[in-house]
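As a plain string of letters, each chain reads:
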Amino acid sequence: MVGHRKTVAIVSTIACCIGVVASLSPIADAEGQLPAVPTTVGTDAGTIRADKAAPYFKKPGYSPYAGRHFPTRVYWGEQHLHTSWSGDAAGGGTRVGPEEALRLARGEEIVSTTGQPVRLSRPLDWLAVSDHSDALGVVNEIIAGNPKLMTDPTLKRWNQQMNAGGEEAMKAVMELISLQGQGKLPAPVMDAQLAFDVWRKSTAIMEKYNDPGRFTAFIAYEWTSNYGGGNNLHRNVIYRDGKDKADLVAPLTTFVTENPEELWKWMQHYEQKTGGQLLAIPHNGNLSNGLMFALNTFKGDPLTKAWAETRATYEPLFEVTQGKGTSEQHPSLAPNDEFANFEIWDKGNLVVLPKKPGMLNHEYAREALKNGLSVEAKVGVNPFKFGLLGSTDNHNGIASAEENNFFSKFPAAEPSPGRWDEDAFDFGVDRVIKGWQLSASGYTGIWATENTRAALWDAMKRKEVYGTTGPRITVRFFGGFDFKPEDALTREPGAVGYEKGVPMGADLRSAPSGRKPTFLVAALKDPLSGNLDRIQIIKGWLDANGKTQERIYDVVWAQADKRRPGKDGKLPPVGNTVDIKTATWKNTIGEPELITVWTDPDFDPKLRAFYYARVIEIPTPRWTLYDAVRFNVKMAPNVPMTLQERAYTSPIWYTPS
């Protein structure tokens, strides 16, 4: 009892000193009112009087951060990483498994397949290891010389080539990819039970490393349709669930079907059987030879409302940038977009079969977003209403997307003096993609309420995500009809953004009479990367004649007092401080942050439209320049040495009543 009295005395004394009445009972109830206190209870501060104390506890309270329910921070991660459990990765020599990949993502240092120590500049918040469901883990058995597999002559030859390493291993991998695309893999590779056993081991690893509140390890896999011989229709399937549900249904493989519509049926079956939830993220579309966003069904039939609803339900996101190029927009489709020609891969499909006229129109995000408006006008639902994110698609277990820490796609392309000139993909004469064409890209930022599978997945489902080409640029993007220029003065764009509008990934409906949509957009530089050059808002719409249009607006930019748009409406370049001799740059140009409120000057309330933000950095060294300096090598004149990194937000859509 003595100790209790001493505690009360101390608390009462502190209360007197700070001018606030203290009590060992709860201060206020859920409505912000003080609890009733008997008048016989007293303290050194006197009797508590609710009418006098209530102003100190007015709702929502003094703290601007208390009681918030909207996302207040961005969580960085990667949804497309392969390890030695993927057939093509293992065949290419990868020996980094899922556990090592997760340890690296959490911030630990590991050793790469080529024996080099590697660590990320900063830990990630989440990771989805998406090893291929086709022959999951089976190639490891081929490499190990599993006697049951060595009875097949092709697998026995692959065993020899893969263990030889180098070019021989890559030949085996290229053959594996080609046969998989043709549906001609040796029968033992397609053993469903063996793959299902490995799947259960994979989900156990994800459970081991999943640490709610600190680090999220998603259960995931890549469904790998190479329909028609290399036409990339891959999807990453991301589970909201844990092992208890994920283990009830075997992942779908392309040994069963190469039709994405059958994947959606499988997802529906999984959800009905388990009560769980899934979403699928289509692969960067540039290797699909026009099939990723085709305006007909897989079998060539016209699109229907039911088809559009199903695709929109199960595929709410799209991978806009990754190691095999960026698929925001092709320069030939947007000749007025000075930033469209960025890390473009347009030689052909996955086996570099050349593209035919018209294919590009159905591979790039902006074209698909525009075409989605047209489909919606015809069938009533937009099937291409997706958000944007970034990934690496690395096949060496290393989720690194920074230019100065580039470990590339396969072990053969990990840091070495000659990797820039090696053949990254070799499918014969005139069908070669060189090593320097690989991109150090990308990452995904998720605006979620907490770092858990459920919260992150829910944010992905509602498309409150964005992709970058590597830097961790913080970006906010809101749309509404009530934003004012003074809202750009806030240090908390999220607070005013959610109060007055909707975030990236959401919808605006039926503009009030005489009102135009307004947008609050803000970006803060990655402290380890370059300053910001500008923020652009890209608009696409369906005009009164039913044709799709697009326009790019520079809405805020660095050094606005010195840079003005020219007669052509274009801003002059921000400049370039990169020192080619040392692979360094100065942040003496650009701005560390940019924020503005922008109103669409060309708005027509009768027309469907979408808007997304693109944030551009100042020029910084590309990974090729870091290699040139570190290894003291001279590269060919056509190899780019600098780039302007960027972020792409998910769109906000406007739909008239």
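I will try to describe carefully the structure that is included in this document. (Residues numbered from 1 in each chain as written. Predicted model: local features only at pLDDT ≥ 70, side-chain atom pairs only at ≥ 80, totals over all residues. Heavy atoms only, no water.)

What to know about the overall build of the protein chain
Moving on, step 1. On a plain count of helices and strands, the protein chain comes out with 16 helices and 27 strands.
Moving on, step 2. Its C-alpha atoms give the protein chain a radius of gyration of 27 Å, near enough to 26 Å, the size a compact globule of 657 residues would have.
Moving on, step 3. If one aligns the C-alpha atoms of the protein chain with their principal axes, the spans along those axes are about 95 × 70 × 55 Å.
Moving on, step 4. Split into buried and exposed, the 657 residues of the protein chain put 57% on the buried side.
Moving on, step 5. Surface summary for the protein chain: the accessible area is close to 27,200 Å², and the carbon and sulfur share equals 53%. (Helix = DSSP H or I, 4+ residues; strand = E, 2+ residues; numbered from the N terminus. Rg over C-alpha atoms; globule rule 2.2 N^0.38 Å. Buried < 20%, exposed > 50% of the residue type's maximum accessible area, 1.4 Å probe, protein only. Areas by Shrake-Rupley, 256 points an atom, 1.4 Å probe, with all protein chains shown as cover.)

Some points on the pattern of salt bridges
Moving on, step 1. Under the definition given, this model contains 43 salt bridges.
Moving on, step 2. Among the salt bridges present, the one from E262 reaches K265, with a minimum N-O distance of 3.4 Å. Of this pair, E262 and K265 both sit in helix α11 (residues 260-274), 3 residues apart, which is roughly one turn of that helix.
Moving on, step 3. Salt bridges sharing partners connect three or more residues here, namely E328, D337, R366, E367, K370, E550 and R614. (Salt bridge = Lys/Arg side-chain N within 4 Å of Asp/Glu carboxyl O.)

Points about α11
Moving on, step 1. In this model, α11 (15 residues) spans 21 Å end to end at C-alpha, consistent with the 21 Å of a helix rising 1.5 Å per residue.
Moving on, step 2. Every buried residue of α11 is listed here: P260, E261, L263, W264, W266, M267, Y270 and T274.
Moving on, step 3. Buried residues in α11 make contact with β6 (220-223), β7 (235-239), α10 (243-246), β8 (278-282) and α12 (305-314).
Moving on, step 4. The backbone nitrogen of E261 lies 2.8 Å from a side-chain oxygen of the residue at the head of α11, namely N259.
Moving on, step 5. Looking one or two residues past α11, G275 carries a phi angle of roughly 75°, positive in sign. (Expected span 1.5 Å × (residues − 1). Contact = heavy atoms within 4.5 Å. Polar contact = N/O pair within 3.5 Å; in protein donor to acceptor, adjacent residues only side chain to side chain.)

A few points about helix α13 (residues 365-379)
Moving on, step 1. Compared with the 21 Å implied by 1.5 Å per residue over 15 residues, the 20 Å span of α13 between its first and last C-alpha is a close match.
Moving on, step 2. In terms of burial, α13 is largely enclosed, as 12 of its 15 residues are buried.
Moving on, step 3. Within the span of α13, buried status applies to A365, R366, E367, A368, L369, K370, N371, G372, L373, S374, V375 and E376.
Moving on, step 4. Considering only its buried residues, α13 is in contact with β9 (317-322), β11 (387-390), β20 (532-542), β21 (548-557), β23 (609-617) and β27 (652-655).
Moving on, step 5. Trailing α13 by a residue or two, G380 shows a phi angle of about 100°, which is positive.

As for the environment of F483
Moving on, step 1. As for its position among the elements, F483 is in the loop between β16 (474-480) and α15 (493-500).
Moving on, step 2. Along the backbone, F483 and A101 are 382 residues apart, and their C-alpha atoms lie at a distance of 43 Å.
Moving on, step 3. In this structure, F483 is in contact with F478, V496, G497, K500, G501, T518, F519, L520 and V597, ignoring residues within four places of it in sequence.

Points about the packing of aromatic side chains
Moving on, step 1. In the structure shown here, the tally under the stated rule is 25 aromatic pairs.
Moving on, step 2. Each ring, one from W126 and one from F218, has its centre 5.9 Å from the other, and the planes form 85°; the classification is edge-to-face. Remark: F218 occurs in strand β5 (residues 216-218) and W126 occurs in strand β4 (residues 126-129); sequence separation between them is 92 residues. The pair W126 / F218 is uniform in exposure class, with both members buried.
Moving on, step 3. Arranged with centres 5.3 Å apart and planes meeting at 80°, the rings of F293 and F384 form a pair that is edge-to-face. (Phe/Tyr/Trp six-rings, centres within 6.5 Å; stacked < 30°, edge-to-face > 60°.)

Regarding the pairing of strand β19 (residues 518-524)
Moving on, step 1. Counting buried positions over the 7 residues of β19 gives 6, a clear majority of the element.
Moving on, step 2. By the bridge criterion, 7 bridges tie β16 to β19 in an arrangement that is antiparallel. The residue bridging F477 from the neighbouring strand is V521, located in β19.
Moving on, step 3. Taken together, the 7 bridges between β19 and strand β22 (residues 593-599) define a ladder with antiparallel strand orientation. Its bridge partner lying in β22, L520 is registered against V597. (Pairing = 2+ DSSP bridges.)

Brief notes about the sheet that holds β8
Pairing between the strands of a sheet comes from backbone hydrogen bonds, and it takes one of two forms, parallel or antiparallel.
Moving on, step 1. Spatially, the 3 strands line up as an open sheet ordered β6-β7-β8, and their pairing is antiparallel. If you trace the sheet from one side to the other, it starts and ends with β6 and β8, each paired once. Within this sheet the neighbouring strands show an average axis-to-axis angle of 25°, counted without direction.
Moving on, step 2. Where β7 and β8 come together, 5 bridges link them in antiparallel fashion. Bridging from a neighbouring strand, R235 pairs with P282 of β8. (Axes fitted to C-alpha atoms, helices over the stretch in contact; angles between N-to-C directions.)

A few points about the sheet that holds β16
Moving on, step 1. Across the sheet, 4 strands lie side by side as β17-β16-β19-β22; this open sheet has antiparallel pairing. A strand with exactly one partner marks an edge of an open sheet, and here the two such strands are β17 (501-503) and β22. The sheet shows a mean angle of 15° between the axes of neighbouring strands, taken without regard to direction.
Moving on, step 2. Lying on the sheet, α15 is in contact with β16, β17, β19 and β22; it crosses β16 at an angle near 25°.

Quick look at the side chain of T321
Moving on, step 1. Inspection of the secondary structure puts T321 in strand β9.
Moving on, step 2. A polar contact of 2.7 Å, which involves the side chain of T321, links it to the side chain of S441.
Moving on, step 3. Those residues in contact with T321 that sit more than four places away from it in its chain are T326, L389, G390, S391, S441, T468 and T469.

Quick word on the packing of helix α6 (residues 153-164) against helix α7 (residues 166-182)
Moving on, step 1. In the contact formed by α6 and α7, the axes pass within 6 Å of each other and the chain directions differ by 140°. Overall, the two elements α6 and α7 adopt an arrangement that is oblique. α6 and α7 meet at a crossing whose hand is left-handed. Across the interface between the two elements, T154, R157, W158, Q161, M162 and A164 of α6 pack against G166, E168, A169, K171, A172, E175, L176 and L179 of α7. (Parallel < 35°, antiparallel > 145°, perpendicular 65-115°, else oblique. Left-handed = near helix turned anticlockwise from the far one by under 90°.)

Some points on the side chain of Q437
Moving on, step 1. Structurally, Q437 can be placed in the loop between β13 (432-434) and β14 (443-448).
Moving on, step 2. If we skip the residues at most four places from it in the chain, Q437 touches E343, W345, K347 and R622.

Overview of unusual backbone geometry
Moving on, step 1. For the peptide bond that leads from S441 to G442, omega is -5°, which places it in the cis range.
Moving on, step 2. Position of G442 relative to the elements: it lies in the loop between β13 and β14.
Moving on, step 3. Unusually for a residue other than glycine, D393 sits at a positive phi of about 60°.
Moving on, step 4. Its place among the elements puts D393 in the loop between β11 and β12 (423-426).
Moving on, step 5. Using a relative accessible area of 1% as the deciding quantity, one classes D393 as buried.
Moving on, step 6. We note that N632 has phi near 55°; this positive angle belongs to a residue other than glycine.
Moving on, step 7. Locating N632 in the fold gives a position in the loop between α16 (623-631) and β25 (642-643).

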